Amino acid sequence: MSQLKNVEARILQCLQNKFLARYVSLPNQNKIWTVTVSPEQKDRTPLVMVHGFGGGVGLWILNMDSLSARRTLHTFDLLGFGRSSRPTFPRDPEGAEDEFVTSIETWRESMGIPTMILLGHSLGGFLATSYSIKYPERVKHLILVDPWGFPLRPTDPSEIRAPPTWVKAVASVLGRSNPLAVLRVAGPWGPGLVQRFRPDFKRKFADFFEDDTISEYIYHCNAQNPSGETAFKAMMESFGWARRPMLERIHLIRKDVPITMIYGANTWIDTSTGKKVKMQRPDSYVRDLEIEGASHHVYADQPHIFNAVVEEICNSVD
């Protein structure tokens, strides 16, 4: 954990705006690692960003200053990931999902945030949607960035979009163990393995880091007890699909919660989901858009365009 702390400190040093990094204790003794940028901005609805599978607060470094220019921005490591507590999750999909959602709500209460603009990427998008079903009065606008776990798994194999090589590599390990077990087994070679499987990450963050800081960060985020991974494995059918697909439940979100879905034009995630959500919510605000030149990690592939789009949404709230 100390190595993760050190590499994250290097990342957060890049922030220009004032920030506060600390643990937020939940009533059940778990702790959520939280970074708040521009805490002095009190007049506008805060933006809360939820990272994806295997990620952490540091991966938002290309977005944090820009998106906190006029409002407070909160980011946190999901329970079971990054620097947050690593509890034992329920082994059933509903129980695991509920544990995540409850932890987000108790975190919000502990933070004293009455309402928020809630943004989730990938797995974070799935959990942000689940949260919005349960606590719609807390969400002023739901922003879903390349969300995982929405479509029903196609019965016809020809309808399945081919995932990138690294997804296939992770999926091949899944039958035997947790998704990122190979990283933990690799020990000191782990950061090099991240670099080999995901050389694109170094390119994405090249404006900030010329070295392997981001590969090291991803490795140390995932080198610990795989509590969040185990929960993710309980929730998924196979790497690309959820056991409880969100498309079957999205209509349960209250009609007055606006939703914007942002996809990378080159993503492996099924982008037709946005159109299907619109059909499911005919009386609600649903907007979907694709960002050219971006894949699954839209926020890092095209940070300037992504930040501008998110800022425009936030400004529409207040």
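In the nomenclature of an unreviewed UniProt entry, the protein is known as (Lyso)-N-acylphosphatidylethanolamine lipase of Cricetulus griseus.

Student: Give me unusual backbone geometry: which residues, what numbers.
Tutor: One non-glycine residue, Ser-38, lies in positive phi territory at about 55 degrees. Locating Ser-38 in the fold gives a position in the loop between β2 (31-37) and β3 (47-50). Under the relative-accessibility criterion, Ser-38 is labelled buried at 2%. One non-glycine residue, Asp-146, lies in the positive phi region at around 45 degrees. The residue Asp-146 is located in the loop between β6 (139-145) and α5 (165-174) in this model.

Student: Summarise the pattern of salt bridges; cite the residues concerned and give the values.
Tutor: Applying the stated criterion across every chain yields a total of 13 salt bridges. Across the salt bridge formed by Arg-71 and Asp-318, the nearest N and O atoms sit 2.8 Å from each other. A residue pair is termed long-range when its members are at least 10 positions apart, and Arg-71 in the loop between α2 (64-67) and β4 (73-76) and Asp-318 in the segment after α13 (303-317) qualify at 247 residues. Looking at Arg-71, the relative accessible area reads 3%, which means it is buried. The partly exposed category is assigned to Asp-318, whose relative accessible area is 29%.

Student: Any details on the pairing of strand β1 (residues 19-25)? Residues and values, ideally.
Tutor: Pairing geometry for β1 and β2, over seven bridges, is antiparallel. What sits directly across from Tyr-23, in β2, is Trp-33.

Student: Can you lay out helix α11 (residues 273-280) for me, pointing to particular residues and giving the numbers?
Tutor: What α11 keeps buried is the set Thr-273, Gly-274 and Val-277. The arc enclosing the buried residues of α11, seen along the axis, measures out at 100 degrees, which places them on a common side. Where the residues of α11 are buried, they touch β9 (259-264) and β10 (286-291).

Student: Provide a residue-level description of the sheet that holds strand β5 (residues 116-121), including the pertinent values.
Tutor: Strand order in the open sheet formed by eight strands is β1-β2-β4-β3-β5-β6-β9-β10, with mixed pairing between adjacent strands. Since the sheet does not close on itself, it has two edges, and those belong to β1 and β10, each with one partner. Averaged over all pairs of adjacent strands, the angle between their axes in this sheet comes to 20 degrees, without regard to strand direction. Across the sheet, α13 lies against β3, β5, β6, β9 and β10, angled at about 160 degrees from β6, the strand it touches most.

Student: Quick one: what's the story with α13, residue by residue and with numbers?
Tutor: For α13, spanning 15 residues, the distance from its first C-alpha to its last is 21 Å, which sits close to the expected 21 Å at 1.5 Å a residue. Within α13, burial applies to Pro-303, Phe-306, Asn-307, Val-309, Val-310, Ile-313 and Cys-314. Viewed end-on, α13 has its buried residues packed into an arc of 165 degrees, placing them on one side of the element. Among the exposed residues of α13, those pointing more than 90 degrees away from its buried face are His-304 and Ser-316.

Student: Could you give me a rundown of the nonpolar core, with the residues and numbers involved?
Tutor: If you look at the biggest cluster of nonpolar residues, it comprises 48 residues, and the most contacted ones within it are Trp-107, Leu-118 and Leu-142. Elements with a minimum of two residues in this core: β3, α3 (93-111), β5, α4 (123-134), β6, α10 (227-235) and β9. Discounting residues that sit within four places of it in the chain, Trp-107 has contacts with Val-24, Leu-26, Ile-32, Thr-34, Val-48, His-74, Phe-76 and Ile-113.

Student: Quick rundown of the packing of aromatic side chains? Include the residues and the values.
Tutor: Note on aromatic pairs: each is described by the distance of the centres and the angle between the planes. Tallied over the entire structure, the rule returns 12 aromatic pairs. Both rings, one in Phe-76 and one in Trp-107, keep their centres 4.5 Å apart while their planes meet at 40 degrees; by these two values the pair is tilted. Here the residue Phe-76 occupies a position in strand β4, and Trp-107 occupies one in helix α3, the gap between them amounting to 31 residues. No difference in accessibility class separates Phe-76 from Trp-107, as the two residues are buried. Over the ring of Trp-33 we find Arg-83; its NZ or CZ atom is 3.7 Å from the centre of that ring.

Student: How would you explain the packing of α3 against α4 if you had to name every residue and give the values?
Tutor: Where α3 meets α4, the closest approach of the two axes is 9 Å, and the angle between their N-to-C directions is 70 degrees. With respect to α4, the element α3 is oriented roughly perpendicular. Residues Glu-97, Asp-98, Phe-100, Val-101, Thr-102, Ile-104, Glu-105 and Arg-108 of α3 touch α4, and the partners they reach there are Phe-126, Leu-127, Ser-130, Tyr-131 and Lys-134. Within the contact of α3 with α4, the residues separate by chemical class into six nonpolar, two polar and five charged.

Cut-offs and rules
- Residues numbered from 1 in each chain as written.
- Predicted model: local features only at pLDDT ≥ 70, side-chain atom pairs only at ≥ 80, totals over all residues.
- Heavy atoms only, no water.
- Helix = DSSP H or I, 4+ residues; strand = E, 2+ residues; numbered from the N terminus.
- Buried < 20%, exposed > 50% of the residue type's maximum accessible area, 1.4 Å probe, protein only.
- Salt bridge = Lys/Arg side-chain N within 4 Å of Asp/Glu carboxyl O.
- Pairing = 2+ DSSP bridges.
- Arc of directions from axis to C-beta.
- Contact = heavy atoms within 4.5 Å.
- Axes fitted to C-alpha atoms, helices over the stretch in contact; angles between N-to-C directions.
- Expected span 1.5 Å × (residues − 1).
- Core = buried A, V, L, I, M, F, W, Y, C linked by side-chain atoms within 4.5 Å.
- Phe/Tyr/Trp six-rings, centres within 6.5 Å; stacked < 30°, edge-to-face > 60°.
- Lys NZ or Arg CZ within 6 Å of the ring centre and 35° of its normal.
- Parallel < 35°, antiparallel > 145°, perpendicular 65-115°, else oblique.
- Nonpolar A, V, L, I, M, F, W, Y, C, P; charged D, E, K, R; others polar.

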